[in-house]
Amino acid sequence: EPEVTQTPSHQVTQMGQEVILRCVPISNHLYFYWYRQILGQKVEFLVSFYNNEISEKSEIFDDQFSVERPDGSNFTLKIRSTKLEDSAMYFCASSESMWFNTEAFFGQGTRLTVV
Amino acid sequence: AQSVTQLGSHVSVSEGALVLLRCNYSSSVPPYLFWYVQYPNQGLQLLLKYTTGATLVKGINGFEAEFKKSETSFHLTKPSAHMSDAAEYFCAAFTGGGNKLTFGTGTQLKVEL
């Protein structure tokens, strides 16, 4: 069964450092997403990506964040100058079409800990 | 703004007992509604979804949910819990005008012998 793969499963970084979270979406999917869940809080939308550009982003997704699809298979989330409050579980997802037309598949998540 | 509320961050049931996980939404228009499950160290997996049509939706692993517009609810049920149902369950809603899901805070289901 096809799946979305995220690496690493756990990342620890020092405050102020840059991190790149990696995702391999399902190969025939066209829409890609990043969500995050701070411990004990809701899963929050960060950004959606389609046709090699951001289609929507939340207020959380400020200049500290960027996304890229560098090689047609990977989908990355870069966080520049990490802060303590960036500590969270980050989920990548992909879908063939928009949410209501098809299923979105989620990865297992990357737990980011900023110390 | 749309929101999704899951009552009870932790629910514990006995094996064989009814599972009821509650979800309410606030939206000016009927949303599309989803339940996801997350097993330990795995991604979010779609259990079921409601878009249009029949309000009682059946999903995988014997789960079902009923969309009740009058109550703005989409509660998840399973007649008989199994140990393998222990996981975290997330309710989510999509109302269009964008391409994002709004999630609830999740409910951790514990199944005891």
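This report concerns the structure included in the present document. (Residues numbered from 1 in each chain as written. Chains lettered and ligands numbered in written order. Predicted model: local features only at pLDDT ≥ 70, side-chain atom pairs only at ≥ 80, totals over all residues. Heavy atoms only, no water.)

With respect to the nonpolar core
Then step 1. Trp35(B), Leu48(B), Leu76(B) and Tyr89(B) are the most contacted members of the largest nonpolar core, which has 27 residues in total.
Then step 2. Secondary-structure elements contributing two or more residues to this core are strand E2 (10-14), strand E3 (19-21), strand E5 (32-38), strand E6 (44-50), strand E8 (64-68), strand E9 (73-78), strand E10 (87-94) and strand E12 (107-112) of chain B.
Then step 3. No other element matches the 4 residues that E10(B) contributes to this core.
Then step 4. Among residues more than four places away in sequence, those in contact with Leu48(B) are Leu33(B), Phe34(B), Trp35(B), Val57(B), Lys58(B), Gly59(B), Phe63(B), Glu64(B), Ala65(B), Phe74(B) and Leu76(B).
Then step 5. Core analysis: the next-biggest nonpolar cluster, separate from the first, contains 23 residues, Leu21(A), Ile38(A), Phe49(A) and Val114(A) among them. (Core = buried A, V, L, I, M, F, W, Y, C linked by side-chain atoms within 4.5 Å. Buried < 20%, exposed > 50% of the residue type's maximum accessible area, 1.4 Å probe, protein only. Helix = DSSP H or I, 4+ residues; strand = E, 2+ residues; numbered from the N terminus. Contact = heavy atoms within 4.5 Å.)

Quick look at the interface of chain B and chain A
Then step 1. Counting residues at the interface gives 22 residues for chain B, matched by 21 residues for chain A.
Then step 2. When the two sides are added together, the surface that chain B and chain A hide from each other amounts to roughly 1,900 Å², 59% of it contributed by carbon and sulfur.
Then step 3. Contact with chain A buries surface across chain B, with Leu44(B), Asn99(B) and Phe103(B) losing the most and accounting together for 32% of the total.
Then step 4. On the surface where chain B and chain A come into contact, there are 1 salt bridge. (Buried area = accessible area lost by both parts, 1.4 Å probe. Salt bridge = Lys/Arg side-chain N within 4 Å of Asp/Glu carboxyl O.)

With respect to the pattern of salt bridges
All names here are of chain A.
Then step 1. Per the stated rule, a full pass over the model turns up 5 salt bridges over all chains.
Then step 2. Among the ionic pairs, Arg36 bridges to Glu44, the shortest N-O distance being 3.2 Å.
Then step 3. We classify Glu44 as partly exposed; its relative accessible area is 24%.

Worth remembering: the numbers are spatial, not functional.
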